[in-house]
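Structural characterization, general
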Amino acid sequence: MELLAFYNVENLFLPDPKPTHKLDPTNSGLRNWDDRKYKNKLHKISHVFQLIEDKKGTLPFLIGLSEISGRKVLEELVQMQPFNSNYGIVHYNSMDERKVDVALLYDKSKVEILDSEAITFFFERGNHIKDDYDTTRDVLFSKIKCNDEIINVFVAHLPSKREKDVNKPKRDFILKEIKSKIAEIIGNSNESVILFGDFNENPDEENLVEMLSAPHGKILENPFRQLFTEKKYSTYHYKSGLLFDQIILSISFFNKSIGFCFEEASVFNAEEISSRDKMFSGRPFRTYAGTRYLGGYSDHFPVIVELRKHNK
């Protein structure tokens, strides 16, 4: 068995420098984000993957991450147990206004990176000011070789739902662009595709349903659609359970007799990383609730796909 994982780690920033004035803005946007809290956060995130290894018997060979800020936090993370410097990093600084990015971690003993790039999006603000654009988080693309297969990997964290969902047109556009790139890959090659993401949409929403098919037929399968119908959630907004975090696979993972084949999808909602508050039982144990520091892991659970490996 081999694992894929995606995890929105909730604001993994380096510690903020001490402000010269109490009203000075911080790099993180968090309240009192100091070295102690940062190190606790690193230990919490690494502990999540230790739990995955303990419960699943192996670490994921590919890990998509979102809400990380800069490469240094990743370099410090992969030095810790259970990674022990055995994982490589694919990361680019995005032009996101909050300086949060996506990244890919990979088991260096199993994965070779053939190519990678950041796919950047610019959106007009509508104020008719020249060269004034709104930016968002990049989509990360990597072409890898693993188990004698070429796999195209995308990692995305789409614009959030807020303020009456003013970001929906951005999500529509980004998903349309990703789908176009995936359809081109699948139409021109026998290569597989993995799309990791926090899509800020549930699996049954129109955008993500339309992602699965192209004019020539079905190109992707989303195993998290079934989990959503079973009320398995990776994050929450007030009383609503949400499954924004998903791993979408090309249909090649479902219809071949050699290489990697889909086995199972799940939300990793272990008790150890769940809320200690009875009012929020079964929800993620988050780092912050508003400005109040809770000292938890993240406001999202990781999601996992299990693959079985058939050799030639």
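Description of the structure in this document.

Details of the sheet that holds strand β13 (residues 220-221)
- Taken in spatial order, the six strands of this open sheet run β5-β8-β9-β10-β16-β13, and their pairing is mixed. Every interior strand has two partners, whereas the edge strands, β5 (111-119) and β13, have only one.
- Across seven bridges, strand β9 (residues 149-157) lies against strand β10 (residues 192-198) in parallel orientation. Considered in β10, the bridge of isoleucine 151 is made with serine 192.
- Contacting β5, β8 (139-146), β9, β10, β13 and β16 (245-250), helix α3 (residues 168-188) crosses the sheet at an angle of about 180° to β9.

Details of the packing of aromatic side chains
- Scanning all chains against the criterion turns up 12 aromatic pairs.
- Judged by centre distance (5.2 Å) and plane angle (75°), the rings of phenylalanine 83 and tyrosine 87 are edge-to-face.
- Overall, phenylalanine 83 belongs to the buried group, its relative accessible area being 0%.
- We note lysine 37 situated over the ring of tyrosine 293; from NZ or CZ to the ring centre the distance is 4.7 Å.
- The ring of tyrosine 297 carries the charged tip of lysine 44 above its face, separated from the ring centre by 5.5 Å.

Overview of the sheet that holds strand β2 (residues 62-68)
- The six strands are arranged β3-β4-β2-β1-β20-β17 in an open sheet whose pairing can be described as mixed. Looking at which strands have only one partner, the edges of the open sheet turn out to be β3 (87-91) and β17 (259-267). Between one strand axis and the next, the sheet turns through 20° on average, direction left out of account.
- Sheet topology places β17 next to strand β20 (residues 303-310); eight bridges connect them, and they run antiparallel. Residue pairing for β20: phenylalanine 260 is matched across the bridge by lysine 309.
- Against the sheet, helix α1 (residues 35-56) engages β1 (2-12), β2, β17 and β20, with an angle of about 160° to β1.
- Running at roughly 170° to β3, helix α2 (residues 71-78) makes contact with β1, β2, β3 and β4 (101-107) of the sheet.

Regarding the pairing of β9
- By the criterion of burial, β9 is predominantly enclosed, with eight of the nine residues buried.
- Here β8 folds back onto β9 in antiparallel fashion, the turn holding two residues, of which asparagine 147 has a positive phi close to 55°.
- Read as a crossover between parallel neighbours, the route from β9 over α3 to β10 is right-handed.

What to know about the pairing of β8
- Most of β8 is tucked away, with six of its eight residues classed as buried.
- One ladder, built from eight bridges, connects β5 with β8; its direction is antiparallel. Across the sheet, residue isoleucine 119 finds its bridge partner in β8, namely valine 139.

Here's the deal with the nonpolar core
- In terms of nonpolar packing, the biggest core is built from 70 residues, with Leu4, Phe49, Leu62, Leu65, Phe196 and Ile247 touching the most fellow members.
- The next biggest cluster of nonpolar side chains, apart from the first, holds 25 residues, and it includes Leu158, Leu208, Met211 and Leu220.

Some details on the pattern of salt bridges
- Per the stated rule, a full pass over the model turns up 14 salt bridges.
- Between lysine 55 and glutamate 272 there is a salt bridge, with its nearest N and O atoms 3.5 Å apart. Highlighted residues: lysine 55 in helix α1 and glutamate 272 in the loop between β17 and β18 (288-289), separated in sequence by 217 residues.
- Residue class for lysine 55 comes out partly exposed when judged on its relative accessible area of 49%.
- One connected set of salt bridges, linked through shared partners, spans Glu2, Lys110 and Lys309.

With respect to α3
- A rise of 1.5 Å per residue sets the reference length of α3, with its 21 residues, at 30 Å; its end C-alpha atoms lie 30 Å apart and thus fit the reference within 8%.
- Burial in α3 covers these residues: Lys170, Arg171, Ile174, Leu175, Ile178, Ile182, Ala183, Ile185 and Ile186.

Reading guide: rules and limits
- Residues numbered from 1 in each chain as written.
- Predicted model: local features only at pLDDT ≥ 70, side-chain atom pairs only at ≥ 80, totals over all residues.
- Heavy atoms only, no water.
- Pairing = 2+ DSSP bridges.
- Helix = DSSP H or I, 4+ residues; strand = E, 2+ residues; numbered from the N terminus.
- Contact = heavy atoms within 4.5 Å.
- Axes fitted to C-alpha atoms, helices over the stretch in contact; angles between N-to-C directions.
- Phe/Tyr/Trp six-rings, centres within 6.5 Å; stacked < 30°, edge-to-face > 60°.
- Buried < 20%, exposed > 50% of the residue type's maximum accessible area, 1.4 Å probe, protein only.
- Lys NZ or Arg CZ within 6 Å of the ring centre and 35° of its normal.
- Right-handed = clockwise from strand over helix to strand, strands pointing away.
- Core = buried A, V, L, I, M, F, W, Y, C linked by side-chain atoms within 4.5 Å.
- Salt bridge = Lys/Arg side-chain N within 4 Å of Asp/Glu carboxyl O.
- Expected span 1.5 Å × (residues − 1).

That's the geometry; what it means functionally is another story.
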